[in-house]
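Observations on the model geometry
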Amino acid sequence: MDFQLSDDQRALRAGVRELLAGRFGRDRMRAALDAGTGVDRALWRELGEAGFFALRLPEAEGGVGLGLPEAVLLFEEAGRSLLPGPLIATHLAAGPVKGAAQGEALVAVLDAGQPVAHLGEADALLVLGPGDGRGAPEESATVREAATVREAAEPVRSVDPFTPLWRVTGPAEAGEPLPRGGRLRTEGALLAAAEQLGSAARTTEMAVQHAGAREQFGAPIGSFQAVKHLCAGMLVRAELARCAVYAAAVTADPVEIAGAKLLADDAAVRNARDCLQVHGGMGFTWESDVHLHLKRAWLRSGQWLTAAAAEEVLAGNLC
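Summarised in this report is the structure supplied together with it. (Residues numbered from 1 in each chain as written. Predicted model: local features only at pLDDT ≥ 70, side-chain atom pairs only at ≥ 80, totals over all residues. Heavy atoms only, no water.)

This next bit is on the pattern of salt bridges. Under the counting rule described, the total for this entry stands at 20 salt bridges. The partner of E187 in a salt bridge is R56, with the nearest N and O atoms 3.1 Å apart. Of this pair, E187 sits in helix α7 (residues 181–213) while R56 sits in the loop between α3 (41–49) and α4 (68–81); the two residues are 131 residues apart in sequence, bridging distant segments of the chain. By relative accessible area, which is 4% here, E187 ends up buried. A relative accessible area of 23% means that R56 is categorised as partly exposed. Residue D265 pairs with K261 through a salt bridge whose shortest N-O separation is 2.8 Å. Of this pair, D265 and K261 both sit in helix α9 (residues 254–279), four residues apart, roughly one helical turn. Summarising the burial analysis for this pair, D265 and K261 share the class buried. Salt bridges here are not isolated pairs; linked through shared partners, they connect R17, E77, R80, R202 and E205. (Salt bridge = Lys/Arg side-chain N within 4 Å of Asp/Glu carboxyl O. Helix = DSSP H or I, 4+ residues; strand = E, 2+ residues; numbered from the N terminus. Buried < 20%, exposed > 50% of the residue type's maximum accessible area, 1.4 Å probe, protein only.)

Rendered as structure tokens:
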């Protein structure tokens, strides 16, 4: 079996990277960070026009008609660029929620016991029913309006400046049930793993670039063995996570998705930490982007499928 990307997949990835570089490059990202603005609705619509949210909808329904492997490539690029917003929930709800496929609507995710990201700007909510990440048929998901939930919620402090969080105080009422609801949690976990993979790869690049440019004792710090080992470990983690994420996208197996999420979470968090270590004191400053990747990785590791839940899925498969 050939797991190399096809020419069409490479073109898709390159197109998304070019789009994000032009519309959410570092200068615009930092400007949005300093301004404290929310989701850029104009960019959201551009993503919709580019097929980001409708990628897996059938062509007969106005979608692109592609699958999970292609979706993983898109979300990997989103993770690289630190693109904010409820991308995964909007993508998963592109069919049932009016305007989501076109980027006209923002769909956030409500998972019981977890804070809700971007609730203040959301038009609808994807409400996940109880589940353990195995994609069992009895698992469910519903859609409901965000405004009524927002009235019974309060904002809480978020570690990620790009991801405002809200705590929902009341129980989530049932909404309109979604087809394939049992698969949405596992698919969301896979797409979150793809974002983590993109972040892990990007922090590896940042560390290597800095190690080659920064000089100490008359030589680039990348020539020192300790720094070489840090960068090599980052690459190993990122590529191991890439293999797991790409394979899980092909099989769509809940157990493989759980393993991919574990590896990608670990790679994103540890690579960001090691990237910070390579940058030294500069890595701690607000002007550096390293802390943004670390904070986003921390936050994503607790969404869709936590490490504890993923470990239970893997352990259950051993019996």
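On to the layout of surface pockets, then. Space inside the largest pocket adds up to approximately 490 Å³. Residue lining of the largest pocket: 21 residues in total, with R26, R80, S81, R202 and D289 positioned closest to the centre. Of all the secondary-structure elements, those providing two or more residues to the lining of the largest pocket are α1 (7–23), α2 (26–35), α4 and α7. Here the lining of the largest pocket takes four residues from α7, the largest share from any one element. In the lining of the largest pocket, the residues fall into seven nonpolar, seven polar and seven charged. Its volume calculated, the second largest pocket comes out at about 410 Å³. Around the second largest pocket sit 25 residues that line it, and V109, A117, T163, Q303 and W304 are the ones nearest its centre. Among the elements of the structure, α5 (87–92), β1 (107–111) and α10 (290–301) are those that each provide at least two residues to the lining of the second largest pocket. In terms of residue class, the lining of the second largest pocket is built from 15 nonpolar, six polar and four charged. (1 Å grid on protein atoms, 1.4 Å probe; cavity = no way out; pocket = protein on both sides within 12 Å on 5 of 7 lines; lining within 4 Å. Points joined across faces, edges and corners; volume = space filled by probe spheres on them. Nonpolar A, V, L, I, M, F, W, Y, C, P; charged D, E, K, R; others polar.)

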